Amino acid sequence: MAGWRKILCPVDLSDLSRSAMAEALELARRNDGAVHLLHVLEPQAGAYRGEAWSAEQSTATQVDQAQRVVAAWLREAEAILPGRVTGEVNPGGGGGPADEVTRAAADGGYDLVVMGTHGRRGVRHLVLGSVAEAVVRGAPCSVLVVRPKR
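Owing to the predicted nature of the structure, the values given are computational and were not obtained by experimental measurement.

About the cut-offs
- Residues numbered from 1 in each chain as written.
- Predicted model: local features only at pLDDT ≥ 70, side-chain atom pairs only at ≥ 80, totals over all residues.
- Heavy atoms only, no water.
- Buried < 20%, exposed > 50% of the residue type's maximum accessible area, 1.4 Å probe, protein only.
- Helix = DSSP H or I, 4+ residues; strand = E, 2+ residues; numbered from the N terminus.
- Pairing = 2+ DSSP bridges.
- Right-handed = clockwise from strand over helix to strand, strands pointing away.
- Polar contact = N/O pair within 3.5 Å; in protein donor to acceptor, adjacent residues only side chain to side chain.
- Contact = heavy atoms within 4.5 Å.
- Phe/Tyr/Trp six-rings, centres within 6.5 Å; stacked < 30°, edge-to-face > 60°.
- Lys NZ or Arg CZ within 6 Å of the ring centre and 35° of its normal.
- Core = buried A, V, L, I, M, F, W, Y, C linked by side-chain atoms within 4.5 Å.
- Salt bridge = Lys/Arg side-chain N within 4 Å of Asp/Glu carboxyl O.
- Expected span 1.5 Å × (residues − 1).

Asker: Is there a simple way to explain the pairing of strand E1 (residues 6-10) in this structure?
Answerer: Side chains on a regular strand alternate between the two faces of the sheet. The buried fraction of E1 is high, at four of five residues. With five bridges joining them, E1 and strand E2 (residues 34-40) adopt parallel strand pairing. Its bridge partner lying in E2, cysteine 9 is registered against leucine 37. Regarding the hand of the β-α-β motif, the stretch spanning E1, helix H1 (residues 15-30) and E2 is right-handed. With two bridges joining them, E1 and strand E4 (residues 112-116) adopt parallel strand pairing. Bridging from a neighbouring strand, isoleucine 7 pairs with leucine 112 of E4.

Here's what the structure looks like:
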């Protein structure tokens, strides 16, 4: 655990990923580390108010909206860990979220990935898949998976 100073925290902007962010910030605080928040988009053309937008328009709108939310999360995280939190919105396109998170973990030389899992099972897991499971299998570093509190 002492080596976990460079932490990647993928966030889907849900309450569960907020819990994962809190865990990542606490680990970084204890280990004099830093946290990088990463939000990966899954672009969906025409997803806003039923409007028939092109994929480029839809992606640009999603990136803009996600950047505003991530900026708010960064301000919150900075209050806890001043000067040691960064963040970005990845528009995707090079693969699904798991691929992008795994690539970011490798390219960034992270010591640890801290992320949430929704804990789906059965048919929901088969249909929706598990980003966390794919990251655990593919990441070049340790992965801490934060489960929902029940």
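Asker: What exactly am I supposed to notice about the side chain of asparagine 31 here?
Answerer: Looking at the secondary structure, you find asparagine 31 in the loop between H1 and E2. Using a relative accessible area of 14% as the deciding quantity, one classes asparagine 31 as buried. Within the structure, asparagine 31 has its side chain in polar contact with the backbone oxygen of leucine 27 (distance 2.9 Å).

Asker: Even after reading the chapter, I still don't get the side chain of threonine 102, so can you show me in this structure?
Answerer: Mapped onto the fold, threonine 102 is located in helix H3 (residues 97-108). Reaching out from threonine 102, the side chain makes a polar contact with the backbone oxygen of alanine 98 at a distance of 2.8 Å. When near neighbours in sequence (up to four residues on either side) are disregarded, threonine 102 contacts Ala134, Val135, Gly138, Ala139 and Pro140.

Asker: Explain the packing of aromatic side chains here, please?
Answerer: The relative placement of two aromatic rings is captured by the distance of their centres and the angle of their planes. Applying the stated criterion to the full structure yields zero aromatic pairs. One residue, lysine 6, lies across the ring of tyrosine 110, its end atom 5.1 Å from the ring centre. Looking at arginine 18, its charged tip hangs above the ring of tryptophan 73, at a distance of 4.3 Å from the centre.

Asker: How do you make sense of the environment of alanine 132 when you look at a structure like this?
Answerer: Position of alanine 132 among the secondary structure elements: in helix H5 (residues 131-138). Alanine 132 gets classed as buried once you look at its relative accessible area, which sits at 6%. For alanine 132, the contacting residues outside a window of four places in its chain are Met115, Gly116, Thr117 and Val145.

Asker: Explain the nonpolar core to me, please; I cannot follow it from the model alone.
Answerer: As a rule of thumb, soluble globular proteins bury nonpolar side chains together. With 24 residues, the main nonpolar core has Ile7, Cys9, Val35, Leu37 and Val114 as its most contacted residues. Sorting the residues of this core by element identifies E1, H1, E2, helix H2 (55-80), strand E3 (85-90) and E4 as the ones contributing at least two each. Excluding anything up to four places from it in sequence, valine 35 contacts Ile7, Cys9, Ala24, Leu25, Ala28, Leu81, Arg84, Val85 and Thr86. Ranked by size, the runner-up nonpolar core spans 14 residues in total, among them Leu38, Val101, Val113 and Cys141.

Asker: When you look at the pattern of salt bridges in this model, what are you seeing that I'm missing?
Answerer: Any two side chains of opposite charge can pair, so long as their charged atoms come close to each other. Counting across every chain of the model gives eight salt bridges. The shortest N-O distance in the salt bridge between aspartate 32 and arginine 5 comes to 3.6 Å. Remark: arginine 5 occurs in the segment before E1 and aspartate 32 occurs in the loop between H1 and E2; sequence separation between them is 27 residues. Within this structure, Arg5, Asp32 and Arg84 form a network of salt bridges that share partners.

Asker: I tried to follow H1 on my own but got confused; where do I start?
Answerer: In an α-helix there are 3.6 residues to a turn, and that puts residues three or four apart on one side. In this model, H1 (16 residues) spans 23 Å end to end at C-alpha, consistent with the 22 Å of a helix rising 1.5 Å per residue. Along H1, the positions that sit buried rather than exposed are Leu16, Ser17, Ala20, Met21, Ala24, Leu25, Leu27 and Ala28.

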